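Letter by letter, the chains look like this.
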Amino acid sequence: MSARKIPLRKCIACNEMKPKKELVRVVKNKENIVSVDLTGKANGRGAYICPTIECFEEAYKNKKFQRALQTEITEEVYSGLKKVIDK
């Protein structure tokens, strides 16, 4: 029996490839609603970030989520993401 392949994703802030389960996903659906996706299965375009405050601040300062998701990100989404990371 062969070992299962672990899906890797790249953090938009530090550009490190990490296993998908170690990262936090932010998703934009077809209605252009942006939300934090804790399950990793929501439909839409996703962007991943490490659950560290350094990566969050880098992405926030340089507007990396806006570039990755191609839409404006509200402060409400950023505050929700920061709560998830602070846990």
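In the block above lies the structure referred to throughout.
Each chain has its residues counted from 1, following the order in which its sequence is written. Given that this is a predicted model, residues contribute local features only at a pLDDT of at least 70 and side-chain atom pairs are listed and counted only at 80 or more, while totals for whole chains, interfaces and linings are drawn from all residues. Excluded from the side-chain calculations are hydrogens and water; all other atoms, namely the structure's heavy atoms, are used.

Caption draft 1: Looking closely at the layout of surface pockets. In this analysis the probe radius is 1.4 Å and the grid spacing 1 Å, with only protein atoms considered; a cavity is a set of points the probe fits into but cannot get out of, a pocket is an open set with protein on both sides within 12 Å along at least five of seven lines, and lining residues have an atom within 4 Å of a point. Grid points are joined across faces, edges and corners, and a volume is the space filled by probe spheres set on the points. Each pocket or cavity is described by its volume, and for the largest pocket that value is around 320 Å³. As for the largest pocket, its lining consists of 13 residues, of which K20, K21, L38, T39 and G40 are closest to the centre. Residue type decides the class: Asp, Glu, Lys and Arg count as charged, Ala, Val, Leu, Ile, Met, Phe, Trp, Tyr, Cys and Pro as nonpolar, and the leftover types, Gly among them, as polar. Looking at side-chain class alone, the lining of the largest pocket contains six nonpolar, two polar and five charged residues.

Caption draft 2: Structural view of the pattern of salt bridges. Salt-bridge detection follows one rule: a side-chain nitrogen of Lys or Arg within 4 Å of a carboxyl oxygen of Asp or Glu. For the structure on display, the rule yields two salt bridges. Of the charged contacts, one joins R25 and D37 as a salt bridge, the two residues approaching to 2.8 Å between their closest N and O atoms. Pair noted here: R25 is in strand 3 (residues 24-28) and D37 is in strand 4 (residues 34-37), with a separation of twelve residues, a long-range link. Exposure is judged per residue with a 1.4 Å probe applied to protein chains only, and the accessible area is read against the type maximum: over 50% gives exposed, under 20% gives buried, and values in between give partly exposed. Here R25 falls in the buried class, since its relative accessible area comes to 8%. Taking the shortest distance from any N to any O, the salt bridge between K64 and E58 comes out at 3.7 Å. Think of it this way: any DSSP run of H or I at least four residues long counts as a helix, any run of E at least two long counts as a strand, and we number them from the N terminus.

Caption draft 3: Expanded view of the packing of aromatic side chains. What counts as a ring pair is set by centres within 6.5 Å for rings of Phe, Tyr and Trp (its six-membered ring), and what kind of pair is set by the plane angle: stacked under 30 degrees, edge-to-face over 60, tilted for all other angles. Taken as a whole, this structure holds four aromatic pairs when the rule is applied. Ring geometry for F56 and Y60: centres 6.1 Å apart, planes at 15°, overall stacked. Residue F56 and its partner Y60 are both found in helix 1 (residues 53-61); the two are separated by four residues, about one turn of the helix. Residues F56 and Y78 carry aromatic rings whose centres are separated by 6.3 Å and whose planes lie at 75° to one another, so their mutual orientation is edge-to-face. You can see F56 sitting in helix 1 and its partner Y78 sitting in helix 3 (residues 75-86), a full 22 residues away along the chain. Residue classification places Y78 among the buried positions, given a relative accessible area of 5%. Three or more aromatic residues joined by ring pairs form one cluster here, namely F56, Y60, F65 and Y78.

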